[in-house]
Amino acid sequence: MKRGFYTIMTAQFFSSLADNALFVVAVELLRSSQAPEWQRTALVPMFALFYVVLAPFVGAFADAKPKGRVMFMSNAIKVLGCLLMLTPMHPLLAFSIVGLGAAAYSPAKYGILTELLPPSQLVKANGWIEGLTIASIILGVVLGGQMVGPALSGWLLAFDLPLLDTGLDTPAEAAIACLVLVYALAAWFNTRIPLTGVAPRHMPSNPLALLPDFWTCNSRLWRDRLGQISLATTTLFWGVSGNLRYIVLAWAAAALGYGTTQASSLVGVVAIGTAIGAVAASMRMRLDQATRVMPLGIAMGLLVVLMNVIDNVWAAAPFLILLGALGGFLVVPMNALLQHRGHNLMGAGRSIAVQNFNEQACILVLGGLYSYSTSVGLSAFGAITAFGLVVAAAMWLIQRWHAKNQRQHPHELQRLLEIARRDDLHG
């Protein structure tokens, strides 16, 4: 790997660490203020909101400027959103501003990989990126849980700056103030990312002109015989994964009687499994083999349903590791294949923006449905069952879609797979 790749990984680690810790802290902030349950479940779709709304613009913006600079600006927005959570602004609105920074960050983070590395290294690079991201999720959710727990929160609240009244009176507020510093550290690493030498693409002076271009890119990726399958699979995976963080928190409270600090550790357990699966996939899978992992998506949906029969932590831990491992092994090759097709069809930044639009729209829809189900009184167990069955059924349909492509368009699929096998072909 080129040296710049490791700088990108470090910046991504700290930014993702803060994102995941902030999510747990935001849950506790709403819980401690006696906010209704549906507001806590709404944190996930609110974070995804700007991914969907700004998708036509952020990809073109990432392609128009050096991606390291875009990542720096995005982390600055996250700092602002974090600070707004310490003001009278509603935590859901402030958290959506952090989501705005994340929406701008993602096309640059993934797009720079295709500028820096050849196709033959994309699966390996995605394995490392996803593995490190999962590590940041593990540490982030555990860190967030501990920050609002009695031991660490007591120390944070006891810390005072000379001659300055910080006005931080609750564990959640003290934790948020600390996470501002983590975002700032990530922003500093962004300034160390080297230029890739890829010429920036022109961005129209009228942003509305990007709308037809975005929909053209979106349609092009959905029409591609490999792009459509990888996009559908990753869209479903991230729709599940994005909401699973809160589902595990809610399930741990209902089934095990856990509070925020204890339940956050179980989210980390899922992430451990995902890291194992991601690393295994990066070692064993090639780009042209990515579609073979689709049955794992069906298994993931069914395993989510089986969460309802677990009532002790000794059974929960290995079960959640297995659930995460299936997801990690599924998403790494599919994500790499999607990046490869998108880079060939329309450029890195635009393709990642299309990917984010679809994936975050799925998070938004699934999260909205889960939030609505809790607001009308459906139990956590009932919501989890419905969620898992929808996922398994959707993944089965995607698998049948690919089988139909293999029957009806074998020569086109063979051509695209040959491009995926070689670094010197494009198309």
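Residues numbered from 1 in each chain as written. Predicted model: local features only at pLDDT ≥ 70, side-chain atom pairs only at ≥ 80, totals over all residues. Heavy atoms only, no water.

**Topic: the overall build of the chain**
Right, on to step 1. On a plain count of helices and strands, the chain comes out with 17 helices and zero strands.
Right, on to step 2. Relative to its length of 427 residues, the chain is compact, with a C-alpha radius of gyration of 21 Å against a globular reference of 22 Å.
Right, on to step 3. Considered along the principal axes of its C-alpha atoms, the chain spans approximately 65 × 50 × 40 Å.
Right, on to step 4. Within the chain, buried positions represent 58% of all 427 residues.
Right, on to step 5. A separation threshold of at least 6 residues defines the contact pool for the chain, and within that pool the share at least 24 residues apart is 83%.
Right, on to step 6. Where the 27 positive side-chain charges of the chain centre and where its 19 negative ones centre are 11 Å apart. (Helix = DSSP H or I, 4+ residues; strand = E, 2+ residues; numbered from the N terminus. Rg over C-alpha atoms; globule rule 2.2 N^0.38 Å. Buried < 20%, exposed > 50% of the residue type's maximum accessible area, 1.4 Å probe, protein only. Contact = heavy atoms within 4.5 Å. Lys, Arg positive; Asp, Glu negative; His and termini not counted. Charge placed at Lys NZ, Arg CZ, Asp CG, Glu CD.)

**With respect to the packing of helix α11 (residues 227-256) against helix α16 (residues 380-408)**
How two helices pack is summed up by the angle between their axes together with the distance between the axes.
Right, on to step 1. In the contact formed by α11 and α16, the axes pass within 10 Å of each other and the chain directions differ by 165°. If you check the angle between α11 and α16, you find them roughly antiparallel. Relative to α16, α11 is oriented so that their crossing is left-handed.
Right, on to step 2. The residue inventory of the contact of α11 with α16, partitioned by class, reads 18 nonpolar, six polar and no charged. (Axes fitted to C-alpha atoms, helices over the stretch in contact; angles between N-to-C directions. Parallel < 35°, antiparallel > 145°, perpendicular 65-115°, else oblique. Left-handed = near helix turned anticlockwise from the far one by under 90°. Nonpolar A, V, L, I, M, F, W, Y, C, P; charged D, E, K, R; others polar.)

**Here's the deal with the packing of aromatic side chains**
Aromatic ring pairs are described here by two measures, namely the spacing of the ring centres and the angle between the planes.
Right, on to step 1. The final tally for this structure, using the stated rule, is 11 aromatic pairs.
Right, on to step 2. Each ring, one from F214 and one from F357, has its centre 5.4 Å from the other, and the planes form 85°; the classification is edge-to-face. Here F357 lies in helix α15 (residues 348-375) and F214 lies in helix α10 (residues 210-223), a separation of 143 residues in the sequence.
Right, on to step 3. Through a chain of ring-to-ring contacts, three or more aromatic side chains come together here, namely F13, F14, W188 and F189.
Right, on to step 4. Its end group placed over the ring of Y105, K78 keeps NZ or CZ at 4.9 Å from the ring centre. (Phe/Tyr/Trp six-rings, centres within 6.5 Å; stacked < 30°, edge-to-face > 60°. Lys NZ or Arg CZ within 6 Å of the ring centre and 35° of its normal.)

**Details of helix α17 (residues 410-421)**
Right, on to step 1. Here α17 is 12 residues long and its end C-alpha atoms lie 17 Å apart, about the 16 Å a rise of 1.5 Å per residue gives.
Right, on to step 2. Taken as a whole, α17 has its buried residues at L413, L416, L417, I419 and A420. Along the long axis of α17, the arc covered by the buried residues comes to 155°, so they all point the same way.
Right, on to step 3. In the core, the buried residues of α17 are packed alongside α14 (313-346) and α16. (Expected span 1.5 Å × (residues − 1). Arc of directions from axis to C-beta.)

**A few points about α10**
Right, on to step 1. Over its 14 residues, α10 runs 20 Å from end to end, which matches the ideal 20 Å to within 8%, given 1.5 Å per residue.
Right, on to step 2. Burial in α10 covers these residues: L210, F214, C217, N218 and L221. Taken around the axis of α10, the buried residues stretch over an arc of 100°, which confines them to a single face. With respect to the buried face of α10, the exposed residues turned more than 90 degrees away are P212 and R223.

**Some remarks on the pattern of salt bridges**
Right, on to step 1. Summed over the entire model, instances satisfying the criterion amount to four salt bridges.
Right, on to step 2. Of the charged contacts, one joins D19 and K78 as a salt bridge, the two residues approaching to 2.9 Å between their closest N and O atoms. You can see D19 sitting in helix α1 (residues 3-32) and its partner K78 sitting in helix α5 (residues 67-84), a full 59 residues away along the chain.
Right, on to step 3. Among the residues examined, D19 registers a relative accessible area of 13% and is labelled buried.
Right, on to step 4. Note on K78: relative accessible area 2%, which makes it buried.
Right, on to step 5. Of the charged contacts, one joins D224 and R341 as a salt bridge, the two residues approaching to 2.9 Å between their closest N and O atoms. With D224 in the loop between α10 and α11 and R341 in helix α14, this pair connects stretches of sequence that are 117 residues apart. (Salt bridge = Lys/Arg side-chain N within 4 Å of Asp/Glu carboxyl O.)

**Notes on the nonpolar core**
Right, on to step 1. Of all hydrophobic cores here, the largest spans 108 residues; its most connected members are L22, F23 and W251.
Right, on to step 2. With 16 residues, α11 is the single largest residue contributor to this core.
Right, on to step 3. Aside from chain neighbours lying at most four places away, what touches F23 is L43, V44, F95, R245, Y246 and L249.
Right, on to step 4. Core analysis: the next-biggest nonpolar cluster, separate from the first, contains 20 residues, A62, M71, A108 and I112 among them. (Core = buried A, V, L, I, M, F, W, Y, C linked by side-chain atoms within 4.5 Å.)

**Section: the state of the cysteines**
Right, on to step 1. Scanning the entire structure with this criterion turns up zero disulfides.
Right, on to step 2. The cysteine C82 is free of any disulfide, with C178 supplying the nearest cysteine sulfur at 9.9 Å.
Right, on to step 3. Of the residues examined, C82 reaches a relative accessible area of 0% and is grouped as buried. (Disulfide = S-S within 2.5 Å.)

**Here we look at the side chain of T274**
Right, on to step 1. Topologically, T274 is positioned in helix α12 (residues 260-284).
Right, on to step 2. Those residues in contact with T274, other than ones at most four positions away along the chain, are I134, G324, A325 and G328.

**A word on the environment of G297**
Right, on to step 1. Position of G297 among the secondary structure elements: in helix α13 (residues 295-306).
Right, on to step 2. The spatial distance from the C-alpha of G297 to the C-alpha of V391 is 7.8 Å, given a sequence separation of 94 residues.
Right, on to step 3. Beyond its immediate chain neighbours, meaning those up to four positions away, G297 contacts L330, V391 and M395.

**Description of the side chain of S74**
Right, on to step 1. By secondary structure assignment, the location of S74 is in helix α5.
Right, on to step 2. When its relative accessible area of 1% is taken as the criterion, S74 is described as buried.
Right, on to step 3. A polar atom in the side chain of S74 sits 3.3 Å from the backbone nitrogen of Y105.
Right, on to step 4. Once you skip the residues sitting within four places of it in the chain, S74 turns out to touch G101, A104 and Y105. (Polar contact = N/O pair within 3.5 Å; in protein donor to acceptor, adjacent residues only side chain to side chain.)

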